[in-house]
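# Fold and geometry: a report
Here's the letter readout for the chains.
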Amino acid sequence: MTTPQPFTAIVLAAGAGKRMNSDTAKVLHPVAGKPLLAWVIDAIKQTSATTIIVVVGHDQDAVCTFLNDRYDDPNIKTVYQKEQRGTGHAVRMALSCLEQQEDQEIVSVLSGDVPFIASSQIDQLVSQCRDVTSMSLVTMKADAKTCYGRLVRNNVNDVERIVEYVDATDTERQITEMNAGCYAIQLGVLKKTIQDLSKENVQGEEYITDIVQRVAQQSKLSTIEASLTEMQGINDHIELAQGEMIAQQKINRFWMEQGVTLLSPHSIWIDADVGPIAPDVSLASGVVIRGKTSIGARTHIDVGSVIESSELGEDVHVFPYSVVIHARLDKRAQVGPFSHVRSQTHLHEDTCIGNFVEVKKTSLGTGSKAKHLAYLGDADIGSRTNIGAGTITCNYNGTTKEKTIIGDDVFIGSGTQFIAPVTIASEAYVASGTTVTEDVPKNSLAIGRIKQQNKLNVAARLKQKHRFVKK
Ligand code: UD1
Ligand code: CA
């Protein structure tokens, strides 16, 4: 194997993506939660490319903002293609960044809408171009019904040219060897062949594919064959959905190889940016893991739960149909079934959030529990505290959000309401049904109930009055 050598990558990402019918730039549409463009750039970043030039145009502000936010990398440069006059024109725009470079250097041109190219394939393209020919390109076999550019070979099987589907004759449309839109070429050859590209085609655009014929007239081209699943182009929502399926299989396979149990992989969706997921984690059917989520060893996430951008420690148990978003769950925390753990929540070790409990911006200390029907918002709760069923932190007065602070070893009886801001000191005891409006000192009992009256022998009469009496 040859040692990888530096090269420049150009990523074409300026097109309007008309077939998407969308206000969002095509390359920003996500597959497994990650925009198409990021799939390509992440692959390039694992190669020996020294500079990545992204050609932007349509919706360029959003694309540039995305690149800055995700990478903030001075080696990723953008070039503006004001009018999208075709892939050939886009590459020509990028050449303005390469004036200082030597002609024998290698440039790899990749499409921002061909997301699943592997870094090894880019390296292979580049080394083949450097060592064997002046241009190499990726091909794939696909059904003649697909609309990719076709490779036309001569009678000794050398690549002669590429013809776009829309410009092809009926005979050319029968060709099943397709152009994947990923190339490596010597810079000097690229500079010579990219000038004066014709616009005499059905789309009236300058095609990068037209340089193939020019290169072929001077020297041989080499090809690397890949599968359609690796080289799927995403041009419309149907292909986007196909891409999602490809990504799901790829990602799920990866995690299974890492020792994660996926009980029914076809129903489990894990975003591309999720990780790490430790060995012996198990995910039941219908589980969706999104964003930058990490999961510790032996954690089990049960049926239908959605976890987004959260940090789950070891031996956590999420029971069915729970939603955990932007939260941190420490070792052995238990959540659900039917819990909603919202942003900025921190459930410490051995905590328990039960069914129909919503928690937001709350810290629940080690060993504390809220097992049934509660809302805990803007609360700071100590360790070993028990929150009874039906407890509500009344954190919002219509204008501001206020805090409820509860100490260690507190017992909160069922049906308690905390009118925040309010502080319950450690070891306090709040009796069921209390509306807590004042701070409760350490080791005290707070009880605030209307005194009960029993009116004897009136129940039957009352029921009759309300026609509830049994016939
Ligand atoms: C292109 C190839 C086709 C190949 C297919 C593989 C050409 C002419 N055709 O077709 O042979 O089979 O990819 O997926 O190259 N772009 C720009 N500026 C432009 C036009 C496009 O940056 O002016 C970008 C797009 O944003 C996109 C990429 O180039 O990321 C490819 O353009 P697209 O219009 O999708 O080309 P295809 O018709 O798919
Ligand atoms: Ca395309």
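All of these numbers come straight from a predicted model, not from anything done at the bench.

With that settled, the discussion passes to the domain arrangement of the protein chain. The accessible area lost on association of the parts is a frequent measure of interface size. Under the domain assignment, the protein chain is made up of domain 1 (7-226) and domain 2 (259-446). Spacing between the C-alpha centres of domain 1 and domain 2 amounts to 48 Å. Taken together, the five residues of domain 1 in the interface contact four residues of domain 2. For the pairing of domain 1 and domain 2, the buried interface totals around 310 Å² over both sides, and the portion due to carbon and sulfur atoms is 43%.

With that settled, the discussion passes to the pattern of salt bridges. One pass over the full model with this rule turns up 22 salt bridges. Between aspartate 42 and lysine 34 there is a salt bridge whose closest N-O contact spans 2.7 Å. Exposure class is identical for aspartate 42 and lysine 34. Each is buried. A salt bridge links arginine 161 to glutamate 172; the nearest nitrogen and oxygen atoms lie 2.8 Å apart. Linking arginine 161 in strand β9 (residues 159-163) with glutamate 172 in helix α5 (residues 170-173), this pair joins segments that are 11 residues apart in sequence. Residue classification places arginine 161 among the partly exposed residues on the basis of a relative accessible area of 23%. Classification of glutamate 172 as buried rests on a relative accessible area of 13%. Three or more residues are tied together by salt bridges with common partners; here these are Lys34, Asp42, Arg70 and Asp273.

What follows covers the site of ligand 1. Gln81, Gly86, Thr87, Glu164 and Asn179 are the nearest of the 25 residues found near ligand 1. Residue glutamate 164 places a side-chain N or O atom 2.7 Å away from an oxygen atom belonging to ligand 1. Contact with the protein chains hides 91% of the accessible area of ligand 1, taken as 760 Å² for the molecule alone. Secondary structure elements with two or more residues in the shell around ligand 1: β1 (7-13), α3 (87-94) and β10 (177-186). Classifying every residue of the shell around ligand 1 gives nine nonpolar, 11 polar and five charged.

Our next topic: helix α9 (residues 237-257). Taking 1.5 Å of rise per residue, 21 residues should cover 30 Å, and α9 covers 30 Å from first to last C-alpha, within 8% of that figure. Where α9 is concerned, the buried positions are Glu239, Leu240, Gly243, Ile246, Ala247, Gln248, Ile251, Asn252 and Trp255. Its side-chain oxygen at 3.1 Å from the backbone nitrogen of isoleucine 238, aspartate 236 defines the N-terminal cap of α9. Immediately downstream of α9, the backbone of glycine 259 shows phi near 100 degrees, a positive value.

Okay, unusual backbone geometry next. Residue proline 276 follows glycine 275 across a cis peptide bond; omega there is -5 degrees. Among the structural elements, proline 276 can be located in the loop between β13 (269-270) and β14 (282-283). Along the chain, glycine 336 connects to proline 337 via a cis peptide bond; the corresponding omega equals 0 degrees. Here proline 337 lies in the loop between β23 (334-335) and β24 (340-341).

Let us now look at the environment of threonine 362. Examined against the element boundaries, threonine 362 turns out to sit in the loop between β26 (352-360) and β27 (363-364). Setting aside its immediate chain neighbours within four residues, threonine 362 contacts Gln344, Thr345, His346, Leu376, Gly377, Asp378, Ala379 and Ile381.

Moving on, we come to a nonpolar patch on the surface. Judged by side-chain polarity, Tyr321, Phe338, Phe356 and Leu373 come together as a nonpolar surface patch covering roughly 440 Å² of accessible area. Inspection of the secondary structure puts tyrosine 321 in the loop between β20 (317-318) and β21 (323-325).

This next bit is on the packing of aromatic side chains. Inspection of the entire model under this criterion finds five aromatic pairs. Ring centres 5.3 Å apart and planes at 5 degrees place the aromatic pair phenylalanine 338 and phenylalanine 356 in the stacked group. Highlighted residues: phenylalanine 338 in the loop between β23 and β24 and phenylalanine 356 in strand β26, separated in sequence by 18 residues. The exposure class assigned to phenylalanine 338 is partly exposed, which follows from its relative accessible area of 42%. One aromatic cluster in this structure is built from Tyr321, Phe338 and Phe356. For lysine 34, the ring lying beneath its charged end belongs to tryptophan 39, and the centroid distance is 4.7 Å. The ring of tyrosine 165 is capped by arginine 173, whose NZ or CZ atom sits 4.2 Å from the centre of that ring.

Let us look at the nonpolar core. Ile270, Leu283, Ile289, Ile301, Leu329, Ile353 and Ile424 are the most contacted members of the largest nonpolar core, which totals 56 residues. Put simply, the parts of the chain that give this core at least two residues each are α1 (36-45), α9, β22 (327-329), β26, β28 (369-377), β29 (379-381) and β35 (422-424). No other element matches α9, which puts five residues into this core. Composition of this core by domain shows at least three residues from each of domain 1 (7-226) and domain 2 (259-446). Residue contacts for isoleucine 424: discarding those within four places in its chain leaves Ile405, Ile406, Gly407, Val410, Phe418, Val430, Val436 and Val440. In terms of nonpolar packing, the next biggest core, distinct from the first, is built from 41 residues, Phe7, Val27, Ala38 and Val114 among them.

Basis of the calculations
- Residues numbered from 1 in each chain as written.
- Chains lettered and ligands numbered in written order.
- Predicted model: local features only at pLDDT ≥ 70, side-chain atom pairs only at ≥ 80, totals over all residues.
- Heavy atoms only, no water.
- Domains from an automatic or database assignment.
- Contact = heavy atoms within 4.5 Å.
- Buried area = accessible area lost by both parts, 1.4 Å probe.
- Salt bridge = Lys/Arg side-chain N within 4 Å of Asp/Glu carboxyl O.
- Buried < 20%, exposed > 50% of the residue type's maximum accessible area, 1.4 Å probe, protein only.
- Helix = DSSP H or I, 4+ residues; strand = E, 2+ residues; numbered from the N terminus.
- Near = heavy atom within 4 Å.
- Polar contact = N/O pair within 3.5 Å; in protein donor to acceptor, adjacent residues only side chain to side chain.
- Areas by Shrake-Rupley, 256 points an atom, 1.4 Å probe, with all protein chains shown as cover.
- Nonpolar A, V, L, I, M, F, W, Y, C, P; charged D, E, K, R; others polar.
- Expected span 1.5 Å × (residues − 1).
- Patch = residues over 30% accessible without salt bridge, like charges linked within 9 Å, V, L, I, M, F, W, Y side chains within 5 Å.
- Phe/Tyr/Trp six-rings, centres within 6.5 Å; stacked < 30°, edge-to-face > 60°.
- Lys NZ or Arg CZ within 6 Å of the ring centre and 35° of its normal.
- Core = buried A, V, L, I, M, F, W, Y, C linked by side-chain atoms within 4.5 Å.

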